[in-house]
Amino acid sequence: VQLQASGGGLVQAGGSLRLSCAVSGGTFSTYAAGWFRQAPGKEREFVGHIRRSGGYTYYADSVKGRFTISRDNAKNTVYLQMNSLKPEDTAVYYCAAKGHVILSAIRSPEQYDYWGQGTQVTVSS
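These numbers come from a predicted model, not from an experiment. (Residues numbered from 1 in each chain as written. Predicted model: local features only at pLDDT ≥ 70, side-chain atom pairs only at ≥ 80, totals over all residues. Heavy atoms only, no water.)

(A) Layout of the nonpolar core. In this structure, Trp35, Phe67, Val78, Leu80, Met82 and Tyr93 are the most contacted members of the largest nonpolar core, which totals 36 residues. Listing elements by their share of this core, those giving two or more residues are strand E1 (2–6), strand E3 (17–24), strand E4 (32–38), strand E5 (45–50), strand E7 (67–72), strand E8 (77–82), strand E9 (91–98) and strand E11 (119–124). Among the elements that make up this core, the one with the highest residue count is E9 (five residues). Leave out the neighbours within four places in its chain, and methionine 82 touches Gly15, Ser16, Leu17, Leu19, Arg66, Phe67, Tyr93 and Val121. (Core = buried A, V, L, I, M, F, W, Y, C linked by side-chain atoms within 4.5 Å. Buried < 20%, exposed > 50% of the residue type's maximum accessible area, 1.4 Å probe, protein only. Helix = DSSP H or I, 4+ residues; strand = E, 2+ residues; numbered from the N terminus. Contact = heavy atoms within 4.5 Å.)

(B) Representation of the sheet that holds E3 within the structure. Spatially, E1-E3-E8-E7 is the arrangement adopted by the four strands of the open sheet, whose pairing is antiparallel. Each of the sheet's edge strands pairs with one partner strand only, and the pair in question is E1 and E7. Here the average twist between neighbouring strands, direction ignored, is 15°. (Pairing = 2+ DSSP bridges. Axes fitted to C-alpha atoms, helices over the stretch in contact; angles between N-to-C directions.)

(C) Spatial organisation of the packing of aromatic side chains. Counted by the stated rule, this structure contains six aromatic pairs. Both rings, one in phenylalanine 36 and one in phenylalanine 46, keep their centres 5.8 Å apart while their planes meet at 75°; by these two values the pair is edge-to-face. Residue phenylalanine 36 is found in strand E4, and its partner phenylalanine 46 is found in strand E5; the two are separated by 10 residues along the sequence. The two residues phenylalanine 36 and phenylalanine 46 agree in class, both being buried. (Phe/Tyr/Trp six-rings, centres within 6.5 Å; stacked < 30°, edge-to-face > 60°.)

(D) View of the state of the cysteines. For the structure on display, the rule yields one disulfide. One disulfide bridge connects cysteine 21 with cysteine 95, the sulfur atoms lying 2.1 Å from each other. Every disulfide takes its handedness from the sign of the S-S torsion; for cysteine 21 and cysteine 95 that torsion is 70°, giving right-handed. Of the two residues, cysteine 21 sits in strand E3 while cysteine 95 sits in strand E9, which places them 74 residues apart along the sequence. The buried category is assigned to cysteine 95, whose relative accessible area is 2%. (Disulfide = S-S within 2.5 Å.)

(E) Layout of the pattern of salt bridges. Counted according to the given criterion, the structure contains four salt bridges. In this structure, arginine 37 and glutamate 45 form a salt bridge, with 2.5 Å as the shortest nitrogen-oxygen distance. Between arginine 37 and aspartate 89 there is a salt bridge, with the nearest N and O atoms lying 2.9 Å from each other. Taken as a pair, arginine 37 in strand E4 and aspartate 89 in the loop between E8 and E9 lie far apart in primary sequence, 52 residues in all. Here the two residues arginine 37 and aspartate 89 agree in accessibility, since each one is buried. Salt bridges linked by common partners bring Arg37, Glu45, Arg66 and Asp89 together as one network. (Salt bridge = Lys/Arg side-chain N within 4 Å of Asp/Glu carboxyl O.)

Structure (structure tokens):
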């Protein structure tokens, strides 16, 4: 299974970006997906998670109400819509996937088997 993240860039505070994560090499609808981010000098942190069906999503408190995860199983793609961006959202964003992640573990990077290469998001003040 391969993941390819894209859509990062430079945006002013208050702006929006949409990240995409294209999944290939597997049956996409059987994978749950997560988004994580890592700022320089910091550990990788959970951003959000979407279940295999797309019916349930979960978010870190820091992005709740501003970010939205969605998926299009027909296009084998997961999206992260980011609105009202803040300078503290600056990081490399990674998508990840796994066949099933128990709810209590969705925030742990170690639970995911497959990772994309990351895409840089920079928010200027």
